[in-house]
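These are the residues of each chain, in order.
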Amino acid sequence: MARSMKYSVGFGALFFPWEGHFLLWGIICQIIWWKLRGSIQRAALPQILTRWVVGGVLISVLEEAVWIACFPKVPLHQSSWTYLHRLRYYVDSELLNNLVIFWVVFFLFRGIGYYQKLREQQYSAMRLESELVNAQLRALRMQLNPHFLFNTMNSISSLMRSDVEAADIMLERMSSMLRMTLDRGDAQLIPLTEEIEFIQLYLSIQKMRFQGTVHHYVAIDPEVHDALVPAMILQPVVENAYLHGVARTVGEAFLGIEAQNQHGHLRLCVRNSGRGIEEPPLNKTRERVGIANVKNRLELHYGIDDNEQRFTLQAFPDGEVQAILMLPLQFQPQDNGSIVSYEYGSQDSYCR
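Residues numbered from 1 in each chain as written. Predicted model: local features only at pLDDT ≥ 70, side-chain atom pairs only at ≥ 80, totals over all residues. Heavy atoms only, no water.

Enquirer: Which parts of the structure should I look at to understand unusual backbone geometry?
Expert: Working note: non-glycine residues mostly have negative phi, and peptide bonds are mostly trans. For Met232, which is not glycine, the phi torsion reads 60° and is therefore positive. Residue placement: Met232 occurs in the loop between strand S3 (228–230) and helix H7 (235–244). (Helix = DSSP H or I, 4+ residues; strand = E, 2+ residues; numbered from the N terminus.)

Enquirer: Even after reading the chapter, I still don't get H7, so can you show me in this structure?
Expert: Helical periodicity: at 3.6 residues per turn, an α-helix aligns residues three or four positions apart in one direction. Taking burial as the measure, the 10 residues of H7 include 8 buried ones, the bulk of the element. Of the positions making up H7, those classed as buried are Gln235, Pro236, Val237, Val238, Glu239, Asn240, Ala241 and Tyr242. (Buried < 20%, exposed > 50% of the residue type's maximum accessible area, 1.4 Å probe, protein only.)

Enquirer: Explain the packing of helix H5 (residues 164–184) against helix H6 (residues 192–209) to me, please; I cannot follow it from the model alone.
Expert: To characterise two packed helices, one gives the angle between the axes of the helices and the distance between these axes. Where H5 contacts H6, the two axes come as close as 10 Å, and the packing angle between them is 160°. As summarised for this structure, H5 and H6 are arranged roughly antiparallel, according to the angle between their axes. Our pair here, H5 against H6, has a crossing hand that is left-handed. Residue-level contacts link Ala166, Ile169, Met170, Arg173, Met174, Ser176, Met177, Met180, Thr181 and Arg184 of H5 to Glu194, Glu195, Glu197, Phe198, Leu201, Tyr202, Ser204, Ile205 and Met208 of H6. The residue inventory of the contact of H5 with H6, partitioned by class, reads 11 nonpolar, 3 polar and 5 charged. (Axes fitted to C-alpha atoms, helices over the stretch in contact; angles between N-to-C directions. Parallel < 35°, antiparallel > 145°, perpendicular 65-115°, else oblique. Left-handed = near helix turned anticlockwise from the far one by under 90°. Contact = heavy atoms within 4.5 Å. Nonpolar A, V, L, I, M, F, W, Y, C, P; charged D, E, K, R; others polar.)

Enquirer: Whenever I open this one, the sheet that holds strand S5 (residues 265–272) confuses me. Can you help?
Expert: Across a sheet, paired strands are connected by hydrogen bonds in the backbone, their directions being either parallel or antiparallel. Strand order in the open sheet formed by 5 strands is S2-S4-S5-S7-S6, and the pairing between neighbours is mixed. Pairing within the sheet leaves two strands with one partner each, and these edge strands are strand S2 (214–220) and strand S6 (310–315). For this sheet, the mean inter-axis angle between neighbouring strands, taken without regard to orientation, is 10°. Alignment of strand S4 (residues 253–262) against S5, held across 8 bridges, turns out to be antiparallel. Bridge assignment links Gly256 to a residue of S5, and that residue is Arg271. Running at roughly 175° to S2, H6 makes contact with S2, S4 and S5 of the sheet. (Pairing = 2+ DSSP bridges.)

Enquirer: Mind showing me how you'd approach the packing of H6 against H7 here?
Expert: Interaxial distance between H6 and H7 falls to 10 Å at its minimum, and their mutual angle equals 25°. On the basis of the axis angle, H6 is roughly parallel to H7. Considering the relative orientation of H6 and H7, their crossing is right-handed. For the pair H6 and H7, the contacting residues are Glu195, Phe198, Ile199, Tyr202, Leu203 and Gln206 in the first and Gln235, Val238, Glu239 and Tyr242 in the second.

Enquirer: Where do I start with the side chain of Arg267 in this structure?
Expert: On the secondary structure map, Arg267 appears in strand S5. It is Glu258 that comes nearest to the buried, bridge-free Arg267 among opposite-charge side chains, at 5.2 Å. A polar atom in the side chain of Arg267 sits 3.3 Å from the side chain of Gln262. (Lys, Arg positive; Asp, Glu negative; His and termini not counted. Salt bridge = Lys/Arg side-chain N within 4 Å of Asp/Glu carboxyl O. Polar contact = N/O pair within 3.5 Å; in protein donor to acceptor, adjacent residues only side chain to side chain.)

Enquirer: Would you mind showing me how to read a negative patch on the surface here?
Expert: On the surface, Asp163, Glu165, Asp168 and Glu172 cluster together into a patch of negative charge. A residue is classified by how much of its surface remains accessible, and Glu172, at 53% relative accessible area, is exposed. (Patch = residues over 30% accessible without salt bridge, like charges linked within 9 Å, V, L, I, M, F, W, Y side chains within 5 Å. Areas by Shrake-Rupley, 256 points an atom, 1.4 Å probe, with all protein chains shown as cover. Charge placed at Lys NZ, Arg CZ, Asp CG, Glu CD.)

Enquirer: I keep staring at the pattern of salt bridges and nothing clicks. Help me out?
Expert: Oppositely charged side chains can form a pair if their charged atoms are brought close together. In the structure shown here, the tally under the stated rule is 1 salt bridge. For Glu320, the salt bridge goes to Arg271, with nearest N and O atoms at 2.6 Å. Of this pair, Glu320 sits in the loop between S6 and strand S7 (321–328) while Arg271 sits in strand S5, placing them 49 residues apart in sequence. Considered together, Glu320 and Arg271 belong to a single accessibility category, that of buried residues.

Enquirer: Explanation requested: the packing of aromatic side chains in the structure shown.
Expert: The geometry of two aromatic rings is summed up by the distance between their centres and the angle between their planes. Taken as a whole, this structure holds 10 aromatic pairs when the rule is applied. Here the aromatic rings of Trp52 and Phe106 are separated by 5.4 Å at their centres, their planes lie at 55°, and the arrangement is tilted. Linking Trp52 in helix H3 (residues 45–70) with Phe106 in helix H4 (residues 83–160), this pair joins segments that are 54 residues apart in sequence. Like Phe106, Trp52 is buried. Taking the centre distance of 5.2 Å and the plane angle of 85° together, the rings of Phe106 and Phe107 count as edge-to-face. What makes Phe106 buried here is its relative accessible area of 2%. Over the ring of Trp33 we find Arg37; its NZ or CZ atom is 4.4 Å from the centre of that ring. (Phe/Tyr/Trp six-rings, centres within 6.5 Å; stacked < 30°, edge-to-face > 60°. Lys NZ or Arg CZ within 6 Å of the ring centre and 35° of its normal.)

Given below as structure tokens:
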């Protein structure tokens, strides 16, 4: 405008007043954020149409008043104007622009409040969901531990009548198993090797109980040595294999456990001799507690998608039964490169 009227205007005379406008609005926005953010975010429609409409006009006029006081030479070549004359001039010409800036800032701060509130609600919902899942997992583990303890104590009680020394050894090994369970605390995921160590103690107890008539085979693929699995996820499967398979096998029996990487998933296989899978009675359709808990825990850990986790039971014509657990392959950092395979009896693979 000044150049169109053939005024000689320097760069600084235009730049600094223009820059001063945005600096003042930046300071005003910061003050509003510090002092009035909560009021803006809580304001209802009647308050917006009354209090904040008036407030927006006052803040816009105040910004102009401060700006004019900081730049007494504006408007250009009107040095004879008084402060009030210049204020009236710029309020008439800039009030609409200032109101636009104010309401953009107002709704921006209000939008930030909605976003923060939404994030807080999502975070609270995630925490509640996580606490609920952990509570459910703890409840399931509490169901598993007494069930296992009860069955093991029955085994020791039976052995006490025939071999006191063996019963004492079994009791000591059971104590080691309970100590391992307590040391884990509320840990939901543990290395596969720790789970296998627990299973080894269980198998050693059962080997004494069945007096060598059961052949055990446990093999871990080196690639999944440090894979993470839910704590005590194999024990109820192995116990189920003993109760409903091995214990009902006439003559020698076997139980094989294998773990391997299968297309990016951890495949855990428990295979045992027996009499196939018995159909539940018509008046008892409820699944066995151990197997039902395994399925529930897998769903709580990994979701219900079959592509993430899967548990299947398969019977073969010769009476053998195979349980397959497919889990996401997750690892913890390895301390060293050494891998251990645990084997009992034959080195031939039992799982198919």
